[in-house]
Amino acid sequence: MSVHRGSEDTAAKPEIDPQLQRLEIATSAEDVDFQRREVRVVAKLDLFLCPILIALQLIAFLDRGNIGFAATQGMITDLDLVDTQLNTAVSLFYPLYILSEFPAALIAKRVGFNRVIPAAAACWGFCCLGNGFARNFGDLVACRILMGMFEGFLMPSLTLMLANWYKRDEIGLRISYLYITTAVSSAVSGLIAYAILFMDGTAGYPGWRWLYIIEGCVTVVVACLCYFIIPSSYATAYFLDEDDRAVMRKRAELTEAYSGGNGHYTRAEFMMAIRDVKTWLHTAIQVMCLTILYGFSVFLPIILRFGFDFSVQQSQYLSIPVFVWGSIAYVACGYLSDRFSRRFLACVSCAPLGMAGYTILLGGNHLSVGVKYFACFLIGTCAWMMGGANVAWLSTNTAPDGKRAASVGLALAVGNLGGIISGQIYPQTMAPSYTLGHAWSLGAVCISFCLWWVLRHVYYSRETGKQSMREGTLPEPLEFSDRAPSYKYQH
């Protein structure tokens with residue numbers, strides 16, 4: 001038996017020699033001096049790169065989600081919105097948003113993140129500004145549809161840009177920054193909305209119009225700055241010196257052992273993503289997660305106002321602690337997920353809290369407002385964590401580059417069907433109980449929880465198969481991907 005194994009290894013050696021070279025490079029990365037230099041480079045990336053991406057994500061969600069605050073400040077009356085027209089305006093943001101996300105994932109790296117991101121931000125900023133001058137339902141819908149189309153370029157571009165600059169064991173925490181920002185943006189939006197209440201009547205405009213005008217102008221200014229700040233690559237990054245660029249080159253070589261690509265995507269890599277069952281499992285989960293996230297973040301001020309019977313001012317500032325708590329919970333989860341490389345636990349640990357929160361809100365009118373408000377904190381614990389952890393798990397377990405871009409693009413694009421759903425499950429006609437919205441969201445949490453266990457089984461089964469490939473009992477795939485025995489899944 002030992003002689004037979006030895007002969008197999010000898011015959012296979014020429015085929016895996018490139019992989020052995022990659023492993024030799026990886027061994028050099030254990031050098032203490034390189035690790036020290038790498039820590040310094042990662043700190044620079046966090047200092048110069050992440051704040052730009054966080055700022056873009058912040059203003060994107062401010063511009064997208066301020067319709068909930070505008071609705072509590074008189075927009076419904078001023079635009080003569082009736083029946084479910086508000087819900088329709090919320091939902092119509094997402095059709096073109098969804099359709100633009102997938103092509104954005106495929107072209108962002110090729111065209112250049114430094115071009116795609118600022119251009120998209122400037123365009124949706126002008127659309128947000130246009131909301132401030134809307135005269136009726138049609139104007140509002142037109143601005144929302146166009147804003148959705150341009151915002152659709154942002155999330156896949158940011159996710160892939162992070163994958164382009166960070167290693168796979170670092171990306172989970174940085175993706176968590178983007179989802180933390182969605183929670184922070186909701187809290188900041190509450191503060192801004194509360195402050196703009198005092199501008200009501202200025203220049204003859206109600207406060208909700210100033211909310212759109214000010215935020216739209218800020219977005220356009222930030223977009224112009226990003227054109228000059230976002231680097232095209234590490235070779236031209238203004239904040240890296242020659243030694244830093246050498247470290248980045250070595251990191252790129254190490255990453256290639258897992259990514260297997262250079263950004264020039266092929267049809268074969270696209271088909272790898274389409275045929276992989278884990279792509280569709282993560283995508284189905286993302287639909288559930290974003291139904292919860294968008295429904296909760298957009299409609300919480302409305303639920304507090306018309307469901308809990310708080311005043312306009314109270315519904316603005318009482319939403320802030322919930323969103324702040326959601327961001328704190330998620331940053332802790334993102335850090336621990338990266339620290340211990342445990343993606344599955346990051347997903348399933350938060351779901352029971354969301355189940356409890358929605359169950360309390362469905363408990364009926366006999367429950368006190370204080371108990372229901374506490375339930376919002378339970379939901380906030382899982383609302384942002386679920387979607388962010390799911391995307392991070394998919395991104396870190398997909399290779400090569402083209403397959404990752406297609407998988408992440410599909411998950412984000414199809415996942416945003418949750419945005420359309422969330423806009424329809426909280427109609428004003430169901431106030432104050434909002435039973436449909438709470439029950440639907442509870443079901444979404446439960447489905448996500450079950451599918452994560454299915455994914456865990458898929459990953460463990462594939463690792464068992466890879467072990468058989470390493471032992472020679474199963475043939476290795478002809479093309480490199482995350483199905484190759486040299487690629488280890490994080491679960």
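Attention in this report is confined to the structure presented alongside it. In this convention, every chain numbers its residues from 1, walking through the sequence in written order. Restriction of local features to residues with pLDDT of at least 70 applies here, the model being predicted, together with a cutoff of 80 or more for giving and counting side-chain atom pairs; totals for whole chains, interfaces and linings are based on all residues. Only hydrogens and water are set aside; all other atoms, that is, all heavy atoms of the structure, feed into the side-chain values.

Strands here mean DSSP runs of E at least two residues long; helices mean DSSP runs of H or I at least four residues long; both are numbered from the N terminus. In terms of helices and strands, the chain carries 20 helices and 0 strands. By the compact-globule yardstick of 23 Å for 491 residues, the chain fits well, its C-alpha radius of gyration being 24 Å. Taken along the three principal axes of its C-alpha coordinates, the chain extends 85 × 50 × 40 Å. The buried label applies to any residue whose accessible area, calculated with a 1.4 Å probe on protein chains only, is under 20% of its type's maximum; exposed applies above 50%, and partly exposed to all values in between. The buried share of the chain, reckoned over its 491 residues, is 55%. Contacts are residue-level and defined by heavy atoms, with any inter-residue pair within 4.5 Å sufficient. Relative to all contacts within the chain whose residues are 6 or more apart in sequence, the contacts with residues 24 or more apart total 82%. All accessible-area figures derive from a Shrake-Rupley calculation using a 1.4 Å probe, and residue coverage is judged against the displayed protein chains alone. Summed over its atoms, the accessible surface of the chain is roughly 19,700 Å², and 66% of this surface lies on carbon and sulfur atoms. C-alpha atoms define the radius of gyration, and 2.2 Å times the number of residues to the power 0.38 defines the globule rule.

Within soluble globular proteins, side chains that are nonpolar generally end up buried alongside one another. Residues enter a nonpolar core if they are buried and are Ala, Val, Leu, Ile, Met, Phe, Trp, Tyr or Cys, with the set joined through side-chain atoms within 4.5 Å. The biggest cluster of nonpolar side chains holds 138 residues, and the ones touching the most others in it are Leu56, Met75, Trp165, Phe296 and Trp452. The greatest single-element share of this core, amounting to 17 residues, is contributed by helix H2 (residues 32-78). If sequence neighbours within four positions are ignored, tryptophan 165 has contacts with Leu45, Leu49, Pro231, Ser233, Tyr234, Ala237, Phe239, Leu240, Met248 and Arg251.

Stacked, tilted and edge-to-face are the three classes assigned to paired rings of Phe, Tyr and Trp, where Trp is represented by its six-membered ring and a pair needs centres within 6.5 Å; plane angles under 30 degrees give stacked, over 60 edge-to-face, the rest tilted. Counting across every chain of the model gives 28 aromatic pairs. With a centroid separation of 5.9 Å and an interplanar angle of 55°, the aromatic rings of tyrosine 426 and tyrosine 434 are classed as tilted. Site record: aromatic cluster; members linked through ring pairs are Phe344, Trp393, Phe449, Trp453, Tyr459, Tyr487 and Tyr489. Ring-over charges, as used throughout, are those where CZ of Arg or NZ of Lys falls within 6 Å of the ring centre and within 35 degrees of the ring normal. A cation over a ring is seen here: lysine 250 above phenylalanine 34, with NZ or CZ 5.4 Å from the ring centre.

With that settled, the discussion passes to helix H12 (residues 277-307). Bend angle per residue: angle between axes fitted to the 7 residues ending at that residue and the 7 residues starting there. Taking the largest bend as the criterion, H12 deviates by roughly 55°, centred on phenylalanine 299, and proline proline 301 comes between one and four positions later. N or O atoms closer than or at 3.5 Å make up a polar contact, with two conditions inside protein: a donor-capable atom paired with an acceptor-capable one, and, for residues adjacent in sequence, both atoms drawn from side chains. Structurally, the start of H12 carries an N-cap: the backbone nitrogen of lysine 278 is 3.1 Å from a side-chain oxygen of aspartate 276.

What follows covers the pattern of salt bridges. When a carboxyl oxygen of Asp or Glu is within 4 Å of a side-chain nitrogen of Lys or Arg, the pair counts as a salt bridge. Inspection of the entire model under this criterion finds 20 salt bridges. Between arginine 64 and glutamate 151 there is a salt bridge, and its shortest N-O distance comes to 3.0 Å. Linking arginine 64 in helix H2 with glutamate 151 in helix H6 (residues 137-151), this pair joins segments that are 87 residues apart in sequence. Here arginine 64 falls in the buried class, since its relative accessible area comes to 4%. Put simply, aspartate 139 and arginine 135 hold a salt bridge, and the shortest N to O gap is 3.2 Å. Given the relative accessible area of 65%, arginine 135 is considered exposed.

In this section: helix H16 (residues 351-361). Among the residues of H16, Ala351, Gly354, Met355, Gly357, Tyr358 and Leu361 are the ones counted as buried. Seen end-on, H16 carries its buried residues on one side only, within an arc spanning 165°. Those residues of H16 that are buried are in contact with H12, helix H15 (343-348), helix H17 (369-396) and helix H20 (435-471). In this context, the arc is that of the directions from the helix axis out to the C-beta atoms.

Considering the arrangement of structural elements, one finds histidine 282 in helix H12. Of the polar contacts made by the side chain of histidine 282, one reaches the side chain of tyrosine 459; its length is 3.0 Å. Residue contacts for histidine 282: discarding those within four places in its chain leaves Asn390, Trp393, Leu394, Leu455 and Tyr459.

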